[in-house]
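# Inside the fold
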Amino acid sequence: MTVKVLYFASLREALGRPAEELALPTGVATVGALRAHLAARGEGWQALGEGRNVRAAVNQRMVGADAVLASGDEIAFFPPVTGG
């Protein structure tokens, strides 16, 4: 299954890219599993790791870690937004 992953704000800066197309390996079928898979890439990618305050949206709808992914989905990761 192939998905498009978007990175916003400080995540974009930390990862050095705004987006990527990604063929998901077997077993990566939820937003939480995708985050763990990406965080396992190593340094810099820990910005998506467990315990980090990161929000996610699938096809422009806010979701939790247990949201199931489908081929063609667009997943966006971003830090919480604050105003002031």
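Residues numbered from 1 in each chain as written. Predicted model: local features only at pLDDT ≥ 70, side-chain atom pairs only at ≥ 80, totals over all residues. Heavy atoms only, no water.

The subject of this paragraph is the sheet that holds strand β5 (residues 74-78). With mixed pairing, five strands are arranged side by side in an open sheet as β2-β1-β5-β3-β4. Each having just a single partner strand, β2 (19-23) and β4 (61-63) make up the two edges of the open sheet. In this sheet, neighbouring strand axes are inclined to one another by 30° on average, regardless of whether the strands run parallel or antiparallel. Packed onto the sheet, helix α2 (residues 31-39) meets β1 (2-7), β2, β3 (55-58), β4 and β5 and runs at close to 65° relative to β5. (Pairing = 2+ DSSP bridges. Helix = DSSP H or I, 4+ residues; strand = E, 2+ residues; numbered from the N terminus. Axes fitted to C-alpha atoms, helices over the stretch in contact; angles between N-to-C directions. Contact = heavy atoms within 4.5 Å.)

Judged by nonpolar contacts, the single largest core of 21 residues is most densely connected at V5, Y7, L34, L38, L48 and F77. Mapped by element, the contributors of at least two residues to this core are β1, α1 (10-15), α2, β3 and β5. Every residue in contact with V5, bar those within four places of it in the chain, is listed here: P18, A19, E20, L22, L34, L38, I75 and F77. (Core = buried A, V, L, I, M, F, W, Y, C linked by side-chain atoms within 4.5 Å. Buried < 20%, exposed > 50% of the residue type's maximum accessible area, 1.4 Å probe, protein only.)

Residue placement: P79 occurs in the segment after β5. Those residues within four positions of P79 in sequence are excluded, and the remaining contacts are F8, A9, S10, L11, N53 and R55.

Any functional reading would require information that these geometric values do not contain.
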